[in-house]
Amino acid sequence: MIDACEYQFNDIEIGQTETFELVITESMLDDFARLSGDYNPLHMNENYAYSTIFKRRVCHGMLVASFFSRLVGMYIPGKNALYFSQTLKFIHPCFIDDTLKIEGKVLDKSESTKLITLKTSVFNDMGKCIIDGQAKVLVRD
């Protein structure tokens, strides 16, 4: 496990970008289904998924979006983060064995509220954006 970054509000710059990569595994889907209770056959049943336009199991969108929590809590701002809100747009599916790049880019800072606005994106190994959104994060003192 990595140590969380410890950005202070004044250390954060508009345009600053933080990223990390990970590979989606079958055990991640299985673990997420157990935690969330979402056993939809599109995610969990290879035969069913093959009968759809996707031809294979599709990763839960909320599993992929959950990595924004790691982005905020560990990378930007890291230790001093308190998640305020998150929007999500699911653009393309994610599959087992996909390598994902999770990215956060600072769009705005509010001195009065100590909130930063991040453009949050997930890209697959072909460079396609599969989830896009915006996070608002309070940077605690």
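Use the structure listed above.
An account of the accompanying structure is given in this report.

1. Observations concerning the overall build of the protein chain
The helix and strand inventory of the protein chain stands at 5 helices and 6 strands. Mapped in sequence order, the helices and strands of the protein chain form the string β-α-α-α-α-α-β-β-β-β-β. For the protein chain, the spread of C-alpha atoms along the three principal axes comes to 55 × 25 × 25 Å. Counting all 141 residues of the protein chain, 38% fall into the buried class.

2. Describing the pattern of salt bridges
Following the criterion strictly, the structure yields 7 salt bridges and no others. Its salt-bridge partner being R57, residue D30 comes within 3.4 Å of it at the nearest N-O pair. Within this pair, whereas D30 is found in helix 1 (residues 26-36), its partner R57 is found in the loop between helix 3 (46-50) and helix 4 (61-65), the two being separated by 27 residues in sequence.

3. Some points on a nonpolar patch on the surface
Taken together, the side chains of M62, L88 and F90 make up a nonpolar region of the molecular surface, amounting to roughly 280 Å² of accessible area. You can call F90 partly exposed: its relative accessible area is 44%.

4. Digging into the nonpolar core
Counting 30 residues, the largest nonpolar core has I24, V64, L100, I102, L118 and V122 as its most contacted members. Of all elements in the fold, only strand 1 (17-23), helix 1, helix 4, helix 5 (67-75), strand 4 (99-110), strand 5 (115-123) and strand 6 (129-139) reach the threshold of two or more residues within this core. I102 has contacts with E18, T19, F20, L22, F67, F68, L71, S121 and V122, leaving out every residue within four places of it along the chain.

5. Points about the state of the cysteines
Per the stated rule, a full pass over the model turns up 0 disulfides. Considering cysteine sulfurs only, C94 is the nearest to C129, which forms no disulfide, with 12 Å between them.

6. A closer look at the environment of I76
As for its placement among the helices and strands, I76 is situated in the loop between helix 5 and strand 2 (81-86). Sequence spacing of I76 and N47 is 29 residues, and the spatial spacing of their C-alpha atoms is 40 Å. The contacts of I76, once residues within four sequence positions are left out, are Y7, Q16, E18, L71, V106 and L118.

7. Quick notes on helix 5
Restricting attention to buried positions, one finds in helix 5 the residues F67, F68, L71, V72 and Y75. All buried residues of helix 5 lie within an arc of 150° about the axis, which places them on one face of the element.

The rules behind each value
- Residues numbered from 1 in each chain as written.
- Predicted model: local features only at pLDDT ≥ 70, side-chain atom pairs only at ≥ 80, totals over all residues.
- Heavy atoms only, no water.
- Helix = DSSP H or I, 4+ residues; strand = E, 2+ residues; numbered from the N terminus.
- Buried < 20%, exposed > 50% of the residue type's maximum accessible area, 1.4 Å probe, protein only.
- Salt bridge = Lys/Arg side-chain N within 4 Å of Asp/Glu carboxyl O.
- Patch = residues over 30% accessible without salt bridge, like charges linked within 9 Å, V, L, I, M, F, W, Y side chains within 5 Å.
- Areas by Shrake-Rupley, 256 points an atom, 1.4 Å probe, with all protein chains shown as cover.
- Core = buried A, V, L, I, M, F, W, Y, C linked by side-chain atoms within 4.5 Å.
- Contact = heavy atoms within 4.5 Å.
- Disulfide = S-S within 2.5 Å.
- Arc of directions from axis to C-beta.

Any functional reading would require information beyond the geometric quantities listed.
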